Structure formats: C-alpha cells, structure tokens
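# Examination of the molecular architecture
Here's the letter readout for the chains.
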Amino acid sequence: MNLGVVRGTVVCEHRAPELVERRLVIVQPVDEDERDAGRPIVALDPLVNAAEGALVWFVSGSDATDALPDPTQPADAAVVGLVSSIRRIAG
Amino acid sequence: MNIGRVVGRAVSTQKDDKLIGTTLLLVEDLDAATGAGTGEVAVVADTIGAGAGDVVLVTQGSAARFTAITKDRPVDALVVGIVDAIRVGRADTFSRAGGFAKTRRSARARS
C-alpha cells in the first residue's frame with residue numbers, strides 16, 4: 001500500500017464495459033511527510049469518495065482489484081482508505 | 001492506471017494466436033496531472049477503438065486481462081478508457097475537444 005494525496009478527477013465515458021466503477025481520481029503518491037514521491041497515477045475510488053486534497057492510502061497492481069466490490073475489473077490502482085493522521089513511532 | 005496519448009499503431013503479422021482481434025497501439029506516457037509527456041512509449045493492447053491522438057487510460061499488469069476479450073491472453077497493458085476530461089483543483093486541465101490547457105494557452109499565444 002502507498003500514501004497519496006488526491007489531486008483531481010478523470011472523466012472517461014467510453015471505456016471497457018468491465019470497468020464499472022465510475023469515479024476515477026488522480027493520486028499523487030507521497031512519503032510519510034506528505035512530500036511528493038513519484039509520478040501521479042489514476043485510481044478507482046469506489047469506497048471513500050475522497051475529496052481533493054485528501055490524504056489517502058491506495059493499493060496498486062493486481063491487488064487493487066481485491067479492493068473493489070466487483071473484483072474482476074481491469075484496474076491496477078484503487079483508493080482504499082482515508083488517512084486521518086500519521087504518527088511516528090520512536091525507534 | 002496511467003494516462004497516455006496514442007502516437008501510433010504497431011502492426012504485427014506474426015503474433016500469438018490469442019492476440020488476434022486486439023489492436024496494438026503505441027502509447028506515450030503522460031503526467032496525469034499536467035499532461036506533460038514523459039518520453040516513454042509502450043505497446044498497449046486496445047479493444048475499445050482508441051485512435052491516433054486520443055488521450056487514454058491504461059491499465060498495466062495482470063489486471064489488463066480482466067476483460068472478456070483479453071481474458072487468458074498474453075496482455076500486460078490495455079486501454080480501458082478514452083479520457084473526456086481531467087480536472088485538477090479548480091482547473092479543467094484537459095478536455096477531449098480542446099486538449100490540455102497548456103496546449104490551448106500556447107495556441108493562443110501563437111495567434
């Protein structure tokens with residue numbers, strides 16, 4: 001799983017019929033200090049309806065489909081939760 | 001998924017029989033937020049009829065096989081949508097009719 005910040009939305013009407021989730025969001029991966037880490041990706045957001053600016057966690061690769069109500073969609077990234085806070089554990 | 005632009009088509013006369021019926025496109029990877037090209041071009045299977053210049057949504061890896069047409073086929077990148085619009089913050093950064101906002105601005109600057 002990865003942390004990310006929702007930056008925007010993508011609208012795609014003409015699509016593979018198996019891709020049934022409507023909401024597509026642009027997610028900028030970030031590190032634990034919320035600094036950009038890598039290039040933005042597009043993820044399905046069927047669960048939490050994350051607003052722009054929201055800190056989320058997402059899964060990528062074939063694991064993403066396990067997060068979807070219909071797990072046989074051709075998607076390689078999905079938002080799976082909102083992050084309310086991050087706390088470092090002193091080590 | 002990633003955003004990309006269709007820049008060409010790969011024609012293959014000898015290919016795995018399981019790939020018959022799918023189109024192979026050349027897709028340049030774009031930054032999803034800005035539309036800037038990354039210079040990376042990949043061969044991506046298409047079953048929904050994307051054409052040259054279209055901005056498309058690409059699924060990679062084994063999830064690319066999760067459609068009726070690509071099931072059990074040797075495909076690891078698939079066009080799953082043709083992008084109509086991208087919105088970042090309060091700005092519409094892309095529309096299918098007008099392209100990316102940056103491109104529109106530069107077009108106005110030239111005229």
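### A look at the overall build of chain B
- Counting its regular elements, chain B contains 1 helix and 8 strands.
- N-terminal to C-terminal, the α/β element order of chain B is β-β-β-β-β-β-β-β-α.
- Projected onto its principal axes, the C-alpha coordinates of chain B cover approximately 50 × 25 × 20 Å.
- Across the 111 residues that make up chain B, the buried fraction comes to 35%.
- Sequence separation of at least 24 residues holds for 46% of the intrachain contacts in chain B that already meet a minimum separation of 6.

### Considerations on the pairing of strand 5 (residues 77-82) of chain B
- Taken across its 6 residues, strand 5 of chain B has 6 buried, putting it largely inside the fold.
- In this structure, strand 2 (residues 14-15) of chain A lies alongside strand 5 of chain B, joined through 2 bridges in antiparallel fashion. Each residue of the ladder has a partner; that of His14 of chain A, found in strand 5 of chain B, is Ile82 of chain B.
- Inspection of the sheet shows strand 4 (residues 55-60) of chain B paired to strand 5 of chain B by 5 bridges, in the antiparallel sense.

### Let's talk about the interface of chain B and chain A
- Residue-level contacts link 29 residues of chain B with 28 residues of chain A.
- Those elements that provide at least two residues to the side of chain B that touches chain A are strand 1 (2-10), strand 4, strand 5 and strand 6 (85-88) of chain B.
- Grouping the amino acids of the side of chain B that touches chain A by side-chain chemistry returns 17 nonpolar, 9 polar and 3 charged.

### So, the environment of Ala101 of chain B
Residue and element names in this part refer to chain B.
- Here Ala101 shows up in helix 1 (residues 101-110).
- With 17 C-beta atoms packed within 10 Å, Ala101 lands in the partly exposed category.
- In this structure, the C-alpha to C-alpha distance between Ala101 and Ile86, residues 15 residues apart in sequence, is 10.0 Å.
- If near-sequence neighbours (up to four positions away) are discounted, Ala101 is found in contact with Ala91, Asp92, Thr93 and Phe94.

### Comments concerning the pairing of strand 5 (residues 55-60) of chain A
Residues and elements named next belong to chain A.
- Alternating positions in strand 5 separate cleanly, Val56, Phe58 and Ser60 being buried on one face and Leu55, Trp57 and Val59 remaining unburied on the opposite face.
- Note: strand 1 (residues 2-11) against strand 5, 4 bridges, orientation antiparallel. By the bridge assignment for strand 5, Val5 is matched with Leu55.
- Both strand 5 and strand 6 (residues 77-82) contribute to a ladder of 5 bridges, which runs antiparallel. Along strand 6, the bridge assignment pairs Val59 with Ala78.

### A short note on the nonpolar core
- Judged by nonpolar contacts, the single largest core of 52 residues is most densely connected at Val42, Ala43 and Ala78 of chain A together with Val56, Leu57 and Val83 of chain B.
- The leading source of residues in this core is strand 5 of chain B, at 5 residues.
- For Leu57 of chain B, the residues in contact, after removing those within four places along its chain, are Val10, Cys12 and Val42 of chain A together with Met1, Ile3, Val80, Gly81 and Val83 of chain B.

### Topic: unusual backbone geometry
- In the Ramachandran plot, Asn49 of chain A falls in the positive-phi region, its phi being about 50° despite a non-glycine side chain.
- Secondary-structure assignment places Asn49 of chain A in the loop between strand 4 (41-44) and strand 5.
- A positive phi angle, near 60°, is found at Asp72 of chain B, a position not held by glycine.
- Tracing the backbone through its elements, the reader meets Asp72 of chain B in the loop between strand 4 and strand 5.
- Under the C-beta neighbour-count criterion, Asp72 of chain B is labelled exposed, with 7 such atoms within 10 Å.

Here is what the cut-offs are and how they apply
Within each chain, residue numbers correspond to sequence positions counted from 1 in written order. Written order determines the labels here, with chains lettered from A and ligands numbered from 1. Predicted model: local features are reported for residues with pLDDT of at least 70 only, side-chain atom pairs are reported and counted for 80 or more only, and whole-chain, interface and lining totals are derived from all residues. A run of DSSP states H or I qualifies as a helix once it reaches four residues; a run of E qualifies as a strand once it reaches two. Both are numbered from the N-terminal end. Think of it as a crowd count around each C-beta: if 20 or more other C-beta atoms lie within 10 Å the residue is buried, if 12 or fewer it is exposed, and in between it is partly exposed, with C-beta placed from the backbone throughout. We call two residues in contact when the distance between their C-beta atoms, placed using the backbone, is within 7 Å. Should DSSP find at least two bridges between two strands, the strands are taken to pair. Any residue outside Ala, Val, Leu, Ile, Met, Phe, Trp, Tyr, Cys, Pro, Asp, Glu, Lys and Arg is labelled polar, Gly included; the first ten of those are nonpolar and the last four are charged. Core membership is restricted to buried Ala, Val, Leu, Ile, Met, Phe, Trp, Tyr and Cys residues, and these are joined into a nonpolar core through C-beta atoms within 7 Å.

Just geometry here; none of it tells us what the structure is for.
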